[in-house]
Amino acid sequence: MATQDELKQQVAQAAVAYVKGGIIGVGTGSTANFFIDELAKVKHKIDGAVASSEATAQRLRAHGIEVFDLNSVSGMEIYVDGADEITEHLHMLKGGGGALTREKIVAACAGKFICICDATKLVPVLGKFPLPVEVLPMARSYVARELTRMGGQPVLRDFTTDNGNVILDVHGLTILDPVATEAQINQIVGVVTNGLFAARPADVLLLATENGVKTYTR
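Student: When you look at the sheet that holds strand E11 (residues 196–197) in this model, what are you seeing that I'm missing?
Tutor: Sheet strands line up and pair through hydrogen bonds in the backbone, either parallel or antiparallel. Taken together, three strands build an open sheet; the order of strands is E4-E5-E11 and the sheet is antiparallel. Strands at the two margins of the open sheet, each flanked by one partner only, are strand E4 (85–86) and E11. Looking at chain direction, strand E5 (residues 92–93) and E11 are connected through two bridges and run antiparallel. If you follow Leu 93 over to E11, its bridge partner there is Leu 196.

As structure tokens, then:
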């Protein structure tokens, strides 16, 4: 039986097949780290990368891959990242690593979003994993009250984002309409963004299973 790390490595290798050249958007987290290590083997093919976090930028540079500021590039063909949960409709819940805002921005600039996960992340309904919400520090208590009104139980994470903000992890939500919930939470004053990637879902899901990597598209 394959370990979770072996499954992550399989799916990272599968994602490299989508790398044709140009500048690659790269996500944050353990699965994305496996992708960075695989990307390093084909770095001669690409011009460089845009990173969704400081940690990702450091790992890319350590492999000798040039990291570009997003404002200096006109676009990217692909963005590759993991997810904490994903449905068969390719709606995702992300932000366990705290980089959700930058991930969402980089994903918005890419032509194709490729999500790489192991099979444990595929769920029928989002929300078992607590939903991260990035919040301006002065709005923390107000946003928490509004999230409670929506039926969630927000918990302050002991973490500061790369943007200098705080994260509320919202427990107890059953997210039946991810697009509507994403929009509703983003309308709360003081919210920077939340970890639902539904208005702009993944285009391709590469899912590592015991029987190899399965590909889902929308």
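Student: Help me understand unusual backbone geometry in this model?
Tutor: If a residue is not glycine, its phi is most likely negative; likewise, a peptide bond is most likely trans. For Leu 90, which is not a glycine, the phi torsion comes out positive at approximately 70°. Counting through the fold element by element, Leu 90 comes out in the loop between E4 and E5. Accessibility expressed as a relative area gives 0% for Leu 90, which makes it buried.

Student: Honestly, the nonpolar core in this entry has me stumped. Any pointers?
Tutor: Soluble globular proteins tend to bury their nonpolar side chains together. By size, the foremost hydrophobic cluster in this structure holds 27 residues, and its most contacted members are Val 26, Phe 35, Leu 39, Leu 60 and Ile 116. At the level of secondary structure, the elements contributing two or more residues to this core comprise helix H1 (4–16), strand E1 (23–26), helix H2 (30–39), strand E2 (48–51), helix H3 (54–62), strand E3 (76–81), strand E6 (110–118) and strand E12 (204–209). Considering every element that reaches this core, the biggest residue donor is H1, with five residues. Among residues more than four places away in sequence, those in contact with Val 26 are Phe 35, Ile 36, Leu 39, Ala 49, Val 50, Ala 51, Ser 52, Thr 56, Leu 60, Tyr 79 and Val 80. Ranked by size, the runner-up nonpolar core spans 20 residues in total, among them Ile 86, Met 92, Ala 110 and Phe 197.

Student: When you look at the state of the cysteines in this model, what are you seeing that I'm missing?
Tutor: By definition, a disulfide is the covalent link that joins the sulfur atoms of two cysteine residues. Using the criterion set out here, one finds zero disulfides in the structure. Cys 109 forms no disulfide, and the closest cysteine sulfur to it belongs to Cys 115, at a distance of 18 Å. In this model Cys 117 remains outside any disulfide bridge; the closest cysteine sulfur is found in Cys 115, 3.5 Å from its own. Judged by its relative accessible area of 2%, Cys 117 is buried.

Calculation notes
- Residues numbered from 1 in each chain as written.
- Predicted model: local features only at pLDDT ≥ 70, side-chain atom pairs only at ≥ 80, totals over all residues.
- Heavy atoms only, no water.
- Pairing = 2+ DSSP bridges.
- Helix = DSSP H or I, 4+ residues; strand = E, 2+ residues; numbered from the N terminus.
- Buried < 20%, exposed > 50% of the residue type's maximum accessible area, 1.4 Å probe, protein only.
- Core = buried A, V, L, I, M, F, W, Y, C linked by side-chain atoms within 4.5 Å.
- Contact = heavy atoms within 4.5 Å.
- Disulfide = S-S within 2.5 Å.

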